[in-house]
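Summary of the model geometry
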Amino acid sequence: MFQQILHSFNLPGDGWHIQPFGSGLINHTWKVSGAGAEAYILQRINTGVFKNPGHIAANLLLVQNYLEQHTPGYLFVAPIPAKNGEGLVIHDGHYYRLTPFIQNSHTVNVLTDSHQACEAAKQFGQFTRLLNGFNAAQLQYTIPDFHNLTLRVAQFEKALASADPIRLRKAAETIKEAQSHTAIAETFSQLAQNKQMPLRVIHHDTKINNVLFDATGKGLCVIDLDTVMPGFYSSDVGDMMRTYLSPASEEEQDFSKITVREEYFSALHRGYMQQMGEVLSPFEKSLFVYSGKFIIYMQALRFLSDYLNNDTYYGAKYEGHNLMRAQNQLMLLAKYIACEDKFEQIVRDFK
Ligand code: ADP
Ligand code: GN1
Ligand code: MG
């Protein structure tokens, strides 16, 4: 199967070494290595999540053309066109794409140094800044309403109404806790209607393993571009807070390990503002700290809804996996809220 796919991408012969790669939750990813240094990343797009892979390819082409024209030195990991001229190949009903493997790069799954938070924030900030002159409305929504918290609340309520009674019982306390944070969703629904909140080109999945680092720990580029689409900057900074501030990830079952590190917050704020400080309006900046609550809460709801929906979206490696992830995120949310005033102070003091 791989041979045929690789041939469609103009990679002839059968000497390719193919190994599963990375730890993403959504797509299937393989590293394809040749005899020399030549290497690629092959991905099978999860069409359960991305219903129209053509939208992704069309978006990336528009962004690639714009960046090549305006900032030619910028490292944008664009899909390699296949023999058919498209960025996608269909094989046995599955969609595949190929990108260059960025040599001497690595990803990390958990941050061990606040410097990484700063570097990653610079990468995501730079991406949005370089596309500030690009009309975001040209982009397709590869997942409609992806970061629409109002819709996520509605999906949660729908999941509650149709869940299996055993799961409902096991999740009862977590459901109650999730329902205690509805103010976060109310703020979002006001924001979504506020004309002062512009739609920018946003990455929408800023977890740390979507940034490639070089051997010295410097950020090289952003990857995992499937969710590049119009959105609020809060999505990107919020998901960084969700995934960078705690030394424990969403997979951690020992919740005592979940803490919120002030120096990581400062570093990510500094890195993002270094790129976006002159682009964001005062109104947008006033939402910096809220952004963390918005995304952490939304992720808790998404995991909890998936648990109630029998793990159809994220899958589960053990029974109760998504319930545990939701509880983990609610713990993170509580710890984040406890730091809110301190974080507002950091934002105010920033020069
Ligand atoms: P997913 O949507 O499943 O998270 P990603 O696009 O993030 O898929 O890819 C999964 C992992 O593969 C990344 O975290 C990274 O480790 C690795 N990877 C992806 N693209 C590249 C690339 N172009 N060069 C080097 N490594 C890559
Ligand atoms: C998914 O693709 P990946 O594994 O980086 C998800 C994100 C979630 C994340 C939680 C398209 O990200 O929205 O925040 O899992 N991506 C999609 O780990 O749903
Ligand atoms: Mg990824």
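In short, a report on the structure. Please read all numbers here as calculations on a predicted model, not as lab measurements.

This part is about the overall build of the chain. Along its length, the chain carries 13 helices and nine strands. Relative to a compact globule of 351 residues, whose C-alpha radius of gyration would be 20 Å, the chain shows 20 Å and is just as compact. Burial statistics for the chain: of 351 residues in total, 54% are counted as buried. Summarising the internal contacts of the chain: among those between residues at least 6 apart in sequence, 73% fall at separations of at least 24.

To continue, consider the site of ligand 1. As a structural note, the neighbourhood of ligand 1 is formed by 21 residues, with Gln43, Pro100, Thr107, Asn209 and Asp224 the closest of them. The backbone of Ile102 places a nitrogen or oxygen atom 3.1 Å from a nitrogen atom of ligand 1. Along the lines of polarity and charge, the residues of the shell around ligand 1 split into 10 nonpolar, 10 polar and one charged. A domain-level breakdown of the shell around ligand 1 finds at least three residues from each of domain 1 (2-100) and domain 2 (114-349).

If you add up the space inside the second largest pocket, you get close to 450 Å³. Around the second largest pocket, the lining is made up of 19 residues, and of these Arg152, Gln155, Arg302, Asn309 and Tyr313 lie nearest the centre. For the lining of the second largest pocket, the secondary-structure elements that each account for two or more residues are α4 (149-162) and α11 (288-308). For the lining of the second largest pocket, the element with the highest residue contribution is α11, accounting for four residues. Split by domain, the lining of the second largest pocket shows at least three residues from each of two domains, domain 1 (2-100) and domain 2 (114-349).

So, about the side chain of Thr29. Here Thr29 lies in strand β2 (residues 28-33). Here the side chain of Thr29 touches Gln43 through a polar contact of 2.9 Å, side chain to side chain. Not counting residues up to four positions away in its chain, the partners in contact with Thr29 are Gln19, Pro20, Phe21, Ile41, Leu42 and Gln43.

The subject of this paragraph is the environment of Ile45. Here Ile45 shows up in the loop between β3 (39-44) and α2 (53-70). The sequence separation of Ile45 and Ile56 amounts to 11 residues, and the corresponding C-alpha distance is 9.9 Å. Other than its neighbours up to four places away in sequence, Ile45 contacts Asn27, Phe50, Pro53, Ile56, Leu88, Tyr95 and Arg97.

This brings us to the packing of helix α8 (residues 233-244) against α11. Where α8 meets α11, the closest approach of the two axes is 7 Å, and the angle between their N-to-C directions is 70°. Here α8 is positioned roughly perpendicular relative to α11, judged by the angle of their axes. Note on element contacts: α11 touches α8 through Phe288, Ser291, Gly292, Phe294, Ile295, Ile296 and Gln299, opposite Tyr233, Ser234, Ser235, Val237, Gly238, Asp239, Met241 and Arg242. Among the residues forming the contact of α8 with α11, the class breakdown is seven nonpolar, six polar and two charged.

With respect to the helices and strands, Phe303 occurs in helix α11. When the C-alpha atoms of Phe303 and Asn322 are compared, they prove to be 5.2 Å apart, with 19 residues separating the residues in sequence. Apart from the residues lying within four places of it in its own chain, the contact partners of Phe303 are Glu250, Tyr314, Asn322, Arg325, Ala326 and Gln329.

Before going further, it helps to spend a moment on the nonpolar core. Formed by 97 residues in total, the largest nonpolar core has its most connected members in Leu149, Phe265 and Phe288. Per element, the largest residue contribution to this core is 14 residues, and it comes from α11. A domain-level breakdown of this core finds at least three residues from each of domain 1 (2-100) and domain 2 (114-349). Ranked by size, the runner-up nonpolar core spans 13 residues in total, among them Trp16, Trp30, Tyr40 and Val89.

Okay, the coordination of the magnesium ion (ligand 3) next. Bound to the magnesium ion (ligand 3) on the protein side are Asn210 (OD1) and Asp224 (OD), at distances that span 2.2 Å. Linking Asn210 in the loop between β6 (200-202) and β7 (211-213) with Asp224 in the loop between β8 (219-222) and β9 (229-231), this pair joins segments that are 14 residues apart in sequence.

Here we come to the site of ligand 2. The immediate surroundings of ligand 2 are formed by 17 residues, with Leu25, Asp205, Glu250, Gln299 and Tyr313 found nearest. Separating an oxygen atom of ligand 2 from a side-chain N or O atom of Arg242 is a distance of 3.2 Å. Here an oxygen atom of ligand 2 and a side-chain polar atom of Glu250 are 2.4 Å apart. Taken domain by domain, the makeup of the shell around ligand 2 includes at least three residues from each of domain 1 (2-100) and domain 2 (114-349).

Cut-offs and rules
Residues numbered from 1 in each chain as written. Chains lettered and ligands numbered in written order. Predicted model: local features only at pLDDT ≥ 70, side-chain atom pairs only at ≥ 80, totals over all residues. Heavy atoms only, no water. Helix = DSSP H or I, 4+ residues; strand = E, 2+ residues; numbered from the N terminus. Rg over C-alpha atoms; globule rule 2.2 N^0.38 Å. Buried < 20%, exposed > 50% of the residue type's maximum accessible area, 1.4 Å probe, protein only. Contact = heavy atoms within 4.5 Å. Near = heavy atom within 4 Å. Polar contact = N/O pair within 3.5 Å; in protein donor to acceptor, adjacent residues only side chain to side chain. Nonpolar A, V, L, I, M, F, W, Y, C, P; charged D, E, K, R; others polar. Domains from an automatic or database assignment. 1 Å grid on protein atoms, 1.4 Å probe; cavity = no way out; pocket = protein on both sides within 12 Å on 5 of 7 lines; lining within 4 Å. Points joined across faces, edges and corners; volume = space filled by probe spheres on them. Axes fitted to C-alpha atoms, helices over the stretch in contact; angles between N-to-C directions. Parallel < 35°, antiparallel > 145°, perpendicular 65-115°, else oblique. Core = buried A, V, L, I, M, F, W, Y, C linked by side-chain atoms within 4.5 Å. Donors = N, O, S within 2.8 Å, 3.2 Å for Na, K, Ca; no water.

These figures capture arrangement, not role.
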